[in-house]
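This is what each chain is made of:
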Amino acid sequence: VKTIGHVKVLMDNAAKRRTTGSTRMNMSSSRSHAICTLMVTVKPSTNTRSGNHQQMQQHCSSGVMRAKLTLVDLAGSERLKQTGVIGIKKKESININKDLFALAKVISALACRDKKERLSKSPVHVPYRDSKLTRLLRDSLGGNCCTVMVACVTSWNKY
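Residues numbered from 1 in each chain as written. Predicted model: local features only at pLDDT ≥ 70, side-chain atom pairs only at ≥ 80, totals over all residues. Heavy atoms only, no water.

**Concerning the environment of Lys98**
Relative to the helices and strands, Lys98 is located in helix 4 (residues 88-120). Given a relative accessible area of 53%, Lys98 falls into the exposed group. Residues Lys98 and Ser77, spaced 21 residues apart in sequence, show a C-alpha to C-alpha distance of 9.2 Å. (Helix = DSSP H or I, 4+ residues; strand = E, 2+ residues; numbered from the N terminus. Buried < 20%, exposed > 50% of the residue type's maximum accessible area, 1.4 Å probe, protein only.)

Okay, structure coming up:
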């Protein structure tokens, strides 16, 4: 993929294929998580008048900067009694909740890892292998990365 426009086309096509279904709580509830991973390469511009070229040369010996950008849209947690789902949708809800619980355990382990390692002087286990979601997001959660989370939360007034 060479252009932002092509990325948009691919993202739109993926969004059309994403599974949704209606529940008592939501008319178009996401029935799956969506993950888009982009490997971004930034090359210095040929415009040497800007200071950006010199800054990039300072940060990257080759003059090319590479980064991994992972965009994640998580399906929301659902209470089975409130949604009223049965059959396949019930299994989907259970799997969504398992993934979100596993992600919460990983984030919790990472958040208190430094403190526990200083006190016990032994490495803390981070349960990345508890779900497919956390295995896929391992590079984006721990190690040498910057993570930003944007949460869209709404209350459900009916219950």
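Read on, since the account is not over.
**Side note on a nonpolar patch on the surface**
Residues Met11, Val40, Val42, Met65, Leu69 and Leu71 make up a contiguous nonpolar surface patch of roughly 430 Å² in combined accessible area. Listed by contribution, the elements that provide at least two residues to the nonpolar patch are strand 3 (34-42) and strand 4 (65-73). For the nonpolar patch, the element with the highest residue contribution is strand 4, accounting for three residues. With respect to the helices and strands, Met11 occurs in helix 1 (residues 4-17). (Patch = residues over 30% accessible without salt bridge, like charges linked within 9 Å, V, L, I, M, F, W, Y side chains within 5 Å. Areas by Shrake-Rupley, 256 points an atom, 1.4 Å probe, with all protein chains shown as cover. Salt bridge = Lys/Arg side-chain N within 4 Å of Asp/Glu carboxyl O.)

**Overview of the pattern of salt bridges**
Following the criterion strictly, the structure yields three salt bridges and no others. Where Asp12 meets Lys8, a salt bridge forms, and the shortest distance between an N and an O atom there is 3.0 Å. On the criterion of helical spacing, the pair formed by Asp12 and Lys8 is a turn pair, its members being four residues apart in helix 1. For the salt bridge of Lys68 with Asp139, the shortest nitrogen-to-oxygen distance reads 3.1 Å. Here the residue Lys68 occupies a position in strand 4, and Asp139 occupies one in helix 6 (residues 138-141), the gap between them amounting to 71 residues.

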